[in-house]
Amino acid sequence: MQAWQVHENGEPSEVMRLAEVERPTPGEGQVLLRVRAANVNFPDALLCRGQYQVRPPLPFTPGVEICGETEDGRRVIANPALPYGGFAEYALADARALLPAPEALDDAEVAALHIGYQTGWFGLHRRAHLEAGETLLVHAAAGGVGSAAVQLGKAAGATVIGVVGGADKAAVARELGCDVVVDRRSEDVIAAVKEATGGRGADVIYDPVGGEAYAQSAKLVAFEGRIVVVGFASGGIPSPALNHALVKNYSILGLHWGLYATKNPKLILRCHEELTELAARGAIKPLVSERVPLGEAHLAVQKVADGRSTGRIAVVMEGAA
């Protein structure tokens, strides 16, 4: 089979190599899946660079989220078991963790549903308890993680403010349903959000960026607001001023979605059921901006690593739906 392999750490376009390799053999509790589509995630770039919290042995195949097919023909969602990731014709996964693919979505959309939307659901509902009528601010609203949060926020009845970087991404954020869009490259984010909220700020702020975005969040969070820390795509890990959180009465909430797989896996199943229902009635639909063949996976990962993508890029196998 064909599979992309990383033999040394570095930039994805430089260290990912397409090779002909043997199909992996499932271990105890694992299943072999034919990959129908693989979603490109920022952690794939971090894996290539050796900067992710998990460091699989070299050589490994990146690709942490797929729509796969079981031997009996079922279409499923899976997080491949590294080092046999999803940028390959076949991958391994934990048999107990397979989830049925929503019928309302095609293969590329299914591959983009799990991590981003589960993260958004847990962040907005489990951690921040977002309520209808509240204001949600989403940083990087046109990106893969941000676009999911925007759709989930709208589905929950929130007013959504999307912060983006560039006119093209602003257009995407509007199409996603953002009520207000702020282009950080041409606008003063703090002034624009305060104007849009009458000076009150946002009840919930969803931040997968870190760095300067977090500094803006601390200035824009409303009384009894909640800042959900999802990641640090900017590379900057902020050091919150806890005295500021105290005097302004807001909460800083961390979200490591992967922990739920071991701490409370039943919640992942419940979340998937809700996401499937939302997809069935058209309330959410992963924004797949590009669909590329397996041979271009290294370029797709690099594009996500460089922050040049909108929505999701899916690596789609020949014959996928």
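Conventions adopted
- Residues numbered from 1 in each chain as written.
- Predicted model: local features only at pLDDT ≥ 70, side-chain atom pairs only at ≥ 80, totals over all residues.
- Heavy atoms only, no water.
- Helix = DSSP H or I, 4+ residues; strand = E, 2+ residues; numbered from the N terminus.
- Rg over C-alpha atoms; globule rule 2.2 N^0.38 Å.
- Buried < 20%, exposed > 50% of the residue type's maximum accessible area, 1.4 Å probe, protein only.
- Contact = heavy atoms within 4.5 Å.
- Areas by Shrake-Rupley, 256 points an atom, 1.4 Å probe, with all protein chains shown as cover.
- Lys, Arg positive; Asp, Glu negative; His and termini not counted.
- Charge placed at Lys NZ, Arg CZ, Asp CG, Glu CD.
- Salt bridge = Lys/Arg side-chain N within 4 Å of Asp/Glu carboxyl O.
- 1 Å grid on protein atoms, 1.4 Å probe; cavity = no way out; pocket = protein on both sides within 12 Å on 5 of 7 lines; lining within 4 Å.
- Points joined across faces, edges and corners; volume = space filled by probe spheres on them.
- Nonpolar A, V, L, I, M, F, W, Y, C, P; charged D, E, K, R; others polar.
- Arc of directions from axis to C-beta.
- Phe/Tyr/Trp six-rings, centres within 6.5 Å; stacked < 30°, edge-to-face > 60°.
- Core = buried A, V, L, I, M, F, W, Y, C linked by side-chain atoms within 4.5 Å.
- Axes fitted to C-alpha atoms, helices over the stretch in contact; angles between N-to-C directions.
- Parallel < 35°, antiparallel > 145°, perpendicular 65-115°, else oblique.

Asker: Describe the overall build of the chain, listing the residues and the values that go with them.
Answerer: Regarding its fold elements, the chain presents twelve helices and 15 strands. Its C-alpha atoms give the chain a radius of gyration of 19 Å, near enough to 20 Å, the size a compact globule of 321 residues would have. Along the first, second and third principal axes, the C-alpha atoms of the chain reach 60 × 40 × 35 Å. Evaluated residue by residue, the chain yields a buried proportion of 54% over its 321 residues. Intrachain contacts of the chain at a sequence separation of at least 6 include 66% that bridge at least 24 residues. Carbon together with sulfur atoms contributes 49% to the accessible area of the chain, which is approximately 14100 Å² in total. Measuring between centres, the 30 positive side-chain charges of the chain sit 5 Å from its 37 negative side-chain charges.

Asker: Which residues make up the pattern of salt bridges, and what are the values?
Answerer: Under the defined criterion, the tally for this structure stands at 16 salt bridges. As a salt-bridge pair, aspartate 106 and arginine 291 come within 3.1 Å of each other at their nearest N and O atoms. Of this pair, aspartate 106 sits in the loop between strand E7 (99-100) and helix H3 (107-111) while arginine 291 sits in strand E14 (residues 288-292), placing them 185 residues apart in sequence. Residue classification places arginine 291 among the partly exposed positions, given a relative accessible area of 44%. Across the pair aspartate 306 and arginine 308 runs a salt bridge whose closest N-O atoms are separated by 3.5 Å.

Asker: Summarise the side chain of arginine 312; cite the residues concerned and give the values.
Answerer: With respect to the helices and strands, arginine 312 occurs in strand E15 (residues 312-316). Here arginine 312 is buried and forms no salt bridge, its nearest opposite-charge partner glutamate 65 lying at an N-O distance of 4.9 Å. Residues in contact with arginine 312, not counting those within four places in the same chain, are Asn39, Val40, Asn41, Ala112, Gly116, Gly144, Val145, Leu287, Val288, Ser289 and Glu290.

Asker: Requested: an account of the layout of surface pockets, with residues and values cited.
Answerer: Each pocket or cavity is described by its volume, and for the second largest pocket that value is around 150 Å³. Taken together, Gln2, Arg34, Val35, Glu89, Pro293, Leu294, Gly295, Val316, Met317 and Glu318 make up the full set of residues lining the second largest pocket. Classifying every residue of the lining of the second largest pocket by side-chain character gives five nonpolar, two polar and three charged.

Asker: With reference to specific residues and values, describe helix H12 (residues 297-305).
Answerer: Of all nine residues in H12, seven are buried; the element is thus mostly enclosed. Along H12, the positions that sit buried rather than exposed are Ala297, His298, Ala300, Val301, Gln302, Val304 and Ala305. On its buried face, H12 is in contact with strand E1 (2-6), helix H1 (12-15), strand E2 (16-20), helix H2 (42-49), E14 and E15. One or two steps after H12, the chain reaches glycine 307, where phi turns positive at roughly 70°.

Asker: For helix H6 (residues 167-176), give the residues involved together with the corresponding values.
Answerer: Among all positions of H6, only Lys169, Ala170, Val172, Ala173 and Leu176 are buried. End-on view of H6: buried residues confined to an arc of 160°, all on one side of the axis. Away from its buried face, by an angle of more than 90 degrees, H6 presents the exposed residues Ala167, Asp168, Arg174 and Glu175. At its buried positions, H6 is contacted by helix H5 (144-155), strand E9 (159-164) and strand E10 (180-183). Immediately downstream of H6, the backbone of glycine 177 shows phi near 115°, a positive value.

Asker: Tell me about the packing of aromatic side chains, residues and numbers included.
Answerer: Two aromatic rings are characterised by how far apart their centres lie and by the angle between their planes. One pass over the full model with this rule turns up two aromatic pairs. Pairing tryptophan 121 with phenylalanine 122 gives two aromatic rings, centres 5.0 Å apart and planes at 80°, and the pair type is edge-to-face. Judged by relative accessible area, tryptophan 121 falls into the buried class, the value being 5%. A ring pair is formed by phenylalanine 122 and tyrosine 260, whose centres lie 4.2 Å apart and whose planes are at 35°; its orientation type is tilted. Placement of the pair is phenylalanine 122 in helix H4 (residues 114-127) and tyrosine 260 in helix H10 (residues 260-263), with a sequence separation of 138 residues. Exposure class is identical for phenylalanine 122 and tyrosine 260. Each is buried. Members of the aromatic cluster, connected to one another through ring pairs, are Trp121, Phe122 and Tyr260.

Asker: Describe the nonpolar core, and please don't skip the residues or the numbers.
Answerer: Counting 79 residues, the largest nonpolar core has Phe87, Phe122, Leu136 and Val315 as its most contacted members. Looking at this core element by element, the count peaks at six residues for helix H11 (residues 265-280).

Asker: Requested: an account of the environment of alanine 171, with residues and values cited.
Answerer: With respect to the helices, strands and loops of the structure, alanine 171 is situated in helix H6. On the basis of relative accessible area, alanine 171 is assigned to the partly exposed category, the value being 33%.

Asker: Hey, could you go over the packing of H2 against H12 for me, with residue numbers and the actual values?
Answerer: Interhelical geometry of H2 versus H12 gives an angle of 100° and a closest axis separation of 8 Å. It follows that H2 is roughly perpendicular to H12 by the angle criterion. On H12, the residues that touch Phe42, Asp44, Ala45 and Arg49 of H2 are Val301, Val304 and Ala305. Taken together, the residues of the contact of H2 with H12 break down into five nonpolar, no polar and two charged.

Interpretation note: all reported values are geometric properties and have no functional meaning in isolation.
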